Amino acid sequence: YSGNTYCTREHDSLKISNGKWMWWSRGIGGKSALDYLIKVKGLDFVEAVETIMGQCAVSAPVYEKESRSYENQSLLLPQKSPSNDVVTQYLFSRGIDYEIINYCLDKELIIESLPHHNIVFIGYDEKKEAKYAAFRATNSSRIMGDCTGSKKQYSFRLTNEESIEVHLFECAIDLLSYATLMKLDCEDYRNANLVSLAGVYSPREKIEESKVPIALDGFLKDNPQIKKIILHLDNDKAGRLAAKALQTILHNVYEVIDEPAPQGKDFNDFLCFRLGIERTQTHERSYER
């Protein structure tokens, strides 16, 4: 190397300087480790993210396919951090109630991963075995996705088998935000069924031909006592279309109520508004069809 410029043992024409790299003999370059792993090492997107994330194998945010080949894959969870400090601070900074955070940590519904201290939301089957896990970065890197082998029918949730209602959310953060709002209003969130759809539900072009989201379908099959479904999807085009589709395809069997956040894009926005917390983060979304 010379000054702030470096080269690799494998490719002497590949120069790295100030966070950027250029492979002069090939005429390609990039600005990130992700670019380098894909363009130089030949990894695909998922492999490159897995390499950066360490032991946490992930899937890129994609639409859910009708194929169920993932059923045979085992869930690969990341290594668990001995401390939950980063995750606790992250959730608390987004307005989530401290007692709710501790409840989820105690039940291992949430863990903090190593080596990057991401937050991981876990869903379990009827045998209390982990079957679903979604992670997201606790910093500004915007990295998020599902762990390899995740099965959306066991998405992140807080449940009460005695309740005949289920509240639906696009993501775990909105679910936890709603639980916090319930507590602020002197309601016990543990008396309710709160279920994350593990992504934005994207209906078919002909709404009446749309299928029930995998996460909701699995929950309803396991909980035949459910009579009412309350939709808490986002206040944007995708969220409003999803709510309309679910009302269309489910109204003959269930009472379906559309109840989005009264202010802001989603329930975390609304919670932050209510608590006086300024939200500056960019919203990220994954999708399900």
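Enquirer: Is there a simple way to think about the packing of aromatic side chains in this case?
Expert: For any two aromatic rings, the description comes down to two numbers: the centre-to-centre distance and the angle of the planes. Summed over all chains, the structure comprises seven aromatic pairs. Geometrically, the ring pair formed by phenylalanine 121 and phenylalanine 156 is edge-to-face, given 5.3 Å between the ring centres and 70° between the ring planes. With phenylalanine 121 in strand β8 (residues 119-124) and phenylalanine 156 in the loop between β10 (144-147) and β11 (157-158), the pair connects residues that are 35 residues apart, well separated along the chain. This pair shows no difference in class: phenylalanine 121 is buried, exactly as phenylalanine 156 is. Among the aromatic residues, ring-to-ring pairing joins Phe169, Tyr178, Phe267 and Phe270 into one connected group.

Enquirer: Where do I start with the pattern of salt bridges in this structure?
Expert: A side chain of one charge can pair with a side chain of the opposite charge when the charged atoms of the two come close. All chains considered together, the criterion is met by 13 salt bridges. Linking lysine 265 and aspartate 234 is a salt bridge whose minimum nitrogen-to-oxygen distance equals 2.7 Å. You can see lysine 265 sitting in the loop between β16 (255-258) and α8 (267-275) and its partner aspartate 234 sitting in the loop between β15 (228-231) and α7 (237-250), a full 31 residues away along the chain. Summarising the burial analysis for this pair, lysine 265 and aspartate 234 share the class buried. A single salt-bridge network, built from bridges that share partners, covers Asp97, Glu99, Lys183, Asp188 and Arg190.

Enquirer: Would you take a moment to explain the packing of helix α5 (residues 172-184) against α8 for this structure?
Expert: Helices that pack against each other are described as a pair by the angle of their axes relative to one another and the distance between those axes. Two elements in contact, α5 and α8, have axes separated by 8 Å at closest approach and are oriented at 40°. With respect to each other, α5 and α8 are oriented oblique. Note on packing geometry: the crossing formed by α5 with α8 is left-handed. Facing α5, whose interface residues are Ile173, Asp174, Ser177, Tyr178, Thr180, Leu181 and Leu184, α8 presents Phe267, Asn268, Phe270, Leu271, Arg274 and Leu275. Class assignment for the residues of the contact of α5 with α8 results in eight nonpolar, three polar and two charged.

Thresholds applied
- Residues numbered from 1 in each chain as written.
- Predicted model: local features only at pLDDT ≥ 70, side-chain atom pairs only at ≥ 80, totals over all residues.
- Heavy atoms only, no water.
- Phe/Tyr/Trp six-rings, centres within 6.5 Å; stacked < 30°, edge-to-face > 60°.
- Helix = DSSP H or I, 4+ residues; strand = E, 2+ residues; numbered from the N terminus.
- Buried < 20%, exposed > 50% of the residue type's maximum accessible area, 1.4 Å probe, protein only.
- Salt bridge = Lys/Arg side-chain N within 4 Å of Asp/Glu carboxyl O.
- Axes fitted to C-alpha atoms, helices over the stretch in contact; angles between N-to-C directions.
- Parallel < 35°, antiparallel > 145°, perpendicular 65-115°, else oblique.
- Left-handed = near helix turned anticlockwise from the far one by under 90°.
- Contact = heavy atoms within 4.5 Å.
- Nonpolar A, V, L, I, M, F, W, Y, C, P; charged D, E, K, R; others polar.

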